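Spelled out from the first residue to the last, the chains are:
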Amino acid sequence: MEILLILMYILIGTIVGLIMGALPGLTVTMTVVLVVSLTFGWPMIDALAFIIGAFCGGVMGGSISAITINIPGTAAAVATVFDGYPLKKKGEADLALGIAMFVSLLGGVFGIIFLAILGPIIGKFALKFGDHEYFLMCLWGLTLVSTLSKGSMLKGLAAACFGLIIAFIGMDPITGLMRFTFGITALGGGINYIVAMIGLFGMKEVFVQLSRRKTFKIEGFKFRLGDLFPKLGVIKKTFKCFLWSAPIGAIIGLLPGAGGDIAALVSYGVTKQVIREPSRPFGEGAYEGVAAAEIANDAAVGGAITTLLTLGIPGDSVTAVMLGSFYLHGLLPGPTFMLTERHYFYMILLFLVISTIFAYFIGILGSNIMLRMLNLPKWFLIPFISMLCIVGSYALQNSIYDVFFMIIFGLLGYFMEKGGFPVSPIVLSLILGSMIETNFRKTLIIESSMGELLLSFFTRPISLIILVLIFLSYLLQYKYVRKPV
Amino acid sequence: MEYSKILDIFSILVLFIANILVFYNLYTFVTVDKIPVLTIESPLIFPFLVALTLLILLIAIVFTQIRFWKSFKIDKELHAEDMRDLRNTIFYFFLLLLYSYSLPKLHFKLSSFLFVLGTMFFFSRGELNGNILKKMLILAGFSFLLIYSIYFVFSGIFLVILP
């Protein structure tokens, strides 16, 4: 009975994820945030089943709008647009979506196998970590999310510092001193990161939708369900992409700071180089183009979850939100996770497999319904999402102050993003803030002076490796991805 | 998302204000509570280092952005659209605050119904045809359905106590 209930949670989560992922503008991150807000009082296993279902559904749902209206439902589906939409224009939308869903299933399963093999290995290695390494790992995660965010690296780092400052509000984790509350009682307990997440990802998106003039209308178009299962000939043509796209996706997903969008773009680029005679020229509806992007973005899920669970470092904004939701439900991903909570690791693996399979079949069966959902008018969507954000933030602690904070974070997130400041580093800093500070101060007390502390980072081998990785992240970002705004 | 110079300046100002508040609070801790900042056991050392880093970053950002702003040309049409968006955003922000403020007073169902109806009416301008009474009736029906669905899911299924 309990298993059936869990399967039902995964199923509902997947349906919610598919719908939200398909709607342009409603990102996977926002989907997961809203889903998390529903699960505050739930038992941990039920909540995880629901959240993982929504996550996998959201990733797969993004390809529906990418193919049918040329707008990726999620950032990870951005490369699917290149060949998916031209295929729709040629009257082969069913085939394009069929390929996208089928290879997503394969890519997703590859990512999960990757996680199953690599997770325990990384977990064993991570047991060698002490306070120094914990601190540096958190710092590396923050660095990567800040430097790899869109726009200027300086702004990404400033956003991370701002997030840390917000995390300092309330009681000091070691001495219990009240800091930065300015005598305001509502700030005494600090600002809950879930509230900030709902504001910065959910409510911010509402403000973005307010200024988006374009509405989508899909009339007189329907998928033929039978054609959504790709034919053997097409599978043969696209299967070779699996050889490189799946490992590329999983490995890029593994890197903190790089998510499904980067994996899909790299995989698409490599496929263009490798396949000399595609079914059609790339950009004009090549089956291989759709396959390369979709395999990689789904394989990246497994890679990202590996880093999240074994090192406690989220790869991108979605996994940052996942980390927050794991903390909320009492799971503590990080170096000791594989030692103390190994059974949860395998449970998450199982949930991922089931969610990916559910997402495939529901994606096909519900494709026409989701197509109709794309026609939902803005005057309905805006109050609907606003209500979900408000109720979700209130439900956390039954506090109206949380609702006020959430709305303020929403506006702040909107203003900052319009000004070129990424919001993901703020959320990640809020989640990791207490861990970074505690480990830094413990390390400082152990080493007894700032000079000794800095020296110890160079004398401990693992610390030195992480330090080099942090340095390389800055260097590579500065060299290759520098942007003016 | 389209870049906005005004909001870029605004964001930098917000970060500066946050930074000043941190330094002010640290100053009061040192002078009033006599808690030192730069000792290894101090609970203020890490916030101080972060605030200092943010200050340096903000100064660097201002310098790089000044160069960028000088070369940045404002499209008048786009600027007018931006201003309209900003007005809509701020209007909606205050509407949300008003709704949140009214939640404990009018309770969930009534305040949410008024909020959703008002929002739907505002954003459906030019989209729904027919006379205003008919339009209000349709929107009231949608609002009622939406509120009761959310109430049922949160309160009935997930047992969340709504205000």
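Residues numbered from 1 in each chain as written. Chains lettered and ligands numbered in written order. Predicted model: local features only at pLDDT ≥ 70, side-chain atom pairs only at ≥ 80, totals over all residues.

**Student:** Can you tell me about the overall build of chain A, naming the residues and giving the values?
**Tutor:** Scanning chain A for helices and strands turns up 20 helices and two strands. For 485 residues, the compact-globule estimate of 2.2 N^0.38 gives 23 Å, and chain A sits close to it at 22 Å. On the principal axes, the C-alpha backbone points of chain A span a range of 70 × 55 × 50 Å. The burial tally for chain A puts 61% of its 485 residues in the buried class. Relative to all contacts within chain A whose residues are 6 or more apart in sequence, the contacts with residues 24 or more apart total 79%. (Helix = DSSP H or I, 4+ residues; strand = E, 2+ residues; numbered from the N terminus. Rg over C-alpha atoms; globule rule 2.2 N^0.38 Å. Buried ≥ 20, exposed ≤ 12 C-beta atoms within 10 Å, placed from the backbone. Contact = placed C-beta atoms within 7 Å.)

**Student:** Give me the overall build of chain B: which residues, what numbers.
**Tutor:** Within chain B one finds five helices and zero strands. Secondary structure elements in chain B, listed N-terminal to C-terminal, are α-α-α-α-α. Against the globule reference of 15 Å for 163 residues, chain B gives a C-alpha radius of gyration of 24 Å, more extended than a compact globule. With respect to the principal axes defined by its C-alpha atoms, chain B has extents near 65 × 50 × 25 Å. Considering only residue pairs separated by 6 or more positions, chain B has 52% of its internal contacts joining residues 24 or more positions apart.

**Student:** Can you lay out unusual backbone geometry for me, pointing to particular residues and giving the numbers?
**Tutor:** Generally, phi is negative for residues other than glycine and the peptide bonds are trans, each holding for most cases. Residue and element names in this part refer to chain A. At Phe180, a position not held by glycine, the phi torsion is positive, near 55 degrees. Secondary-structure assignment places Phe180 in the loop between strand S2 (178–179) and helix H8 (193–211). The phi torsion at Ser448 lies on the positive side, around 65 degrees, for a residue other than glycine.

**Student:** Tell me what's going on with the packing of helix H7 (residues 153–168) of chain A against helix H18 (residues 424–447) of chain A, and back it up with residues and numbers.
**Tutor:** Residues and elements named next belong to chain A. Taken N-terminus to C-terminus, the directions of H7 and H18 make an angle of 40 degrees; their axes are 7 Å apart at the nearest point. Comparing their axes, H18 and H7 come out oblique. For H7 against H18, the interelement crossing comes out right-handed. Residue-level inspection shows Gly156, Ala159, Ala160, Phe162, Gly163, Leu164, Ile166, Ala167 and Phe168 of H7 in contact with H18, the latter providing Pro425, Ile426, Val427, Leu428, Ser429, Leu430, Gly433 and Ser434. (Axes fitted to C-alpha atoms, helices over the stretch in contact; angles between N-to-C directions. Parallel < 35°, antiparallel > 145°, perpendicular 65-115°, else oblique. Left-handed = near helix turned anticlockwise from the far one by under 90°.)

**Student:** Let's hear about the packing of helix H9 (residues 232–254) of chain A against helix H11 (residues 287–311) of chain A: which residues, and what values?
**Tutor:** Residues and elements named next belong to chain A. Contact geometry of H9 with H11 gives a least axis separation of 6 Å together with a crossing angle of 30 degrees. Considering the angle they form, H9 stands roughly parallel to H11. Once H9 is placed against H11, the crossing between them reads as right-handed. Considering only residue class, the contact of H9 with H11 consists of 18 nonpolar, nine polar and three charged. (Nonpolar A, V, L, I, M, F, W, Y, C, P; charged D, E, K, R; others polar.)

**Student:** Could you give an account of the interface of chain B and chain A, naming the residues involved and the relevant values?
**Tutor:** Listed as interface residues are 54 residues of chain B and, on the opposing side, 58 residues of chain A. Those elements that place two or more of their residues in the side of chain B that touches chain A are helix H1 (5–31), helix H2 (45–71), helix H3 (76–106), helix H4 (108–123) and helix H5 (132–157) of chain B. It is H2 of chain B that provides the largest number of residues to the side of chain B that touches chain A, a total of 12 residues.

**Student:** Pulling in residues and values, what's your account of the domain arrangement of chain B?
**Tutor:** You can read the domains of chain B as domain 1 (5–73) and domain 2 (78–157). For domain 1 of chain B versus domain 2 of chain B, the separation of C-alpha centres amounts to 38 Å. (Domains from an automatic or database assignment.)

**Student:** Talk me through H7 of chain A; I want residue IDs and the actual numbers.
**Tutor:** Residue and element names in this part refer to chain A. Taking 1.5 Å per residue as the helical rise, H7 with its 16 residues ought to reach 22 Å, and the 23 Å between its terminal C-alpha atoms agrees with that figure. Taking burial as the measure, the 16 residues of H7 include 16 buried ones, the bulk of the element. Remark: Gly170 follows H7 within two positions and exhibits a positive phi of approximately 105 degrees. (Expected span 1.5 Å × (residues − 1).)

**Student:** Can you tell me about the nonpolar core, naming the residues and giving the values?
**Tutor:** One finds Val32, Ala158 and Val427 of chain A to be the most contacted residues of the largest nonpolar core, which totals 203 residues. Both of domain 1 (5–73) and domain 2 (78–157) of chain B provide at least three residues apiece to this core. Those residues within four positions of Val427 of chain A in sequence are excluded, and the remaining contacts are Gly163, Tyr193, Ala196, Met197, Leu200, Ser317 and Ala320 of chain A. (Core = buried A, V, L, I, M, F, W, Y, C linked by C-beta atoms within 7 Å.)

**Student:** Kindly report on helix H12 (residues 317–328) of chain A, identifying the contributing residues and their values.
**Tutor:** Residue and element names in this part refer to chain A. Its 12 residues give H12 an end-to-end C-alpha distance of 16 Å, which sits within 8% of 16 Å, the value for a rise of 1.5 Å per residue. Of all 12 residues in H12, 10 are buried; the element is thus mostly enclosed. For H12, every residue scored as buried is listed here: Ser317, Val318, Thr319, Ala320, Val321, Met322, Leu323, Gly324, Ser325 and Phe326.

**Student:** Before we move on, could you go through the environment of Phe457 of chain A and cite the residues and values that matter?
**Tutor:** Residue and element names in this part refer to chain A. Residue placement: Phe457 occurs in helix H19 (residues 450–459). Note on Phe457: 18 C-beta atoms within 10 Å, which makes it partly exposed. Taking the C-alpha atoms as reference points, Phe457 and Leu5, separated by 452 residues in sequence, lie 48 Å from one another. The residues touching Phe457, leaving out its near neighbours within four places in the chain, are His132, Leu136, Ser463, Leu464 and Leu467.

**Student:** Let's hear about the environment of Gly98 of chain A: which residues, and what values?
**Tutor:** Residues and elements named next belong to chain A. Topologically, Gly98 is positioned in helix H5 (residues 93–126). For Gly98, a count of 25 C-beta atoms within 10 Å corresponds to the buried category. Distance in space between the C-alpha atoms of Gly98 and Ala158 is 43 Å, their sequence separation being 60 residues. Setting aside chain neighbours within four positions, we find Gly98 in contact with Asp227, Leu228, Phe229 and Pro230.

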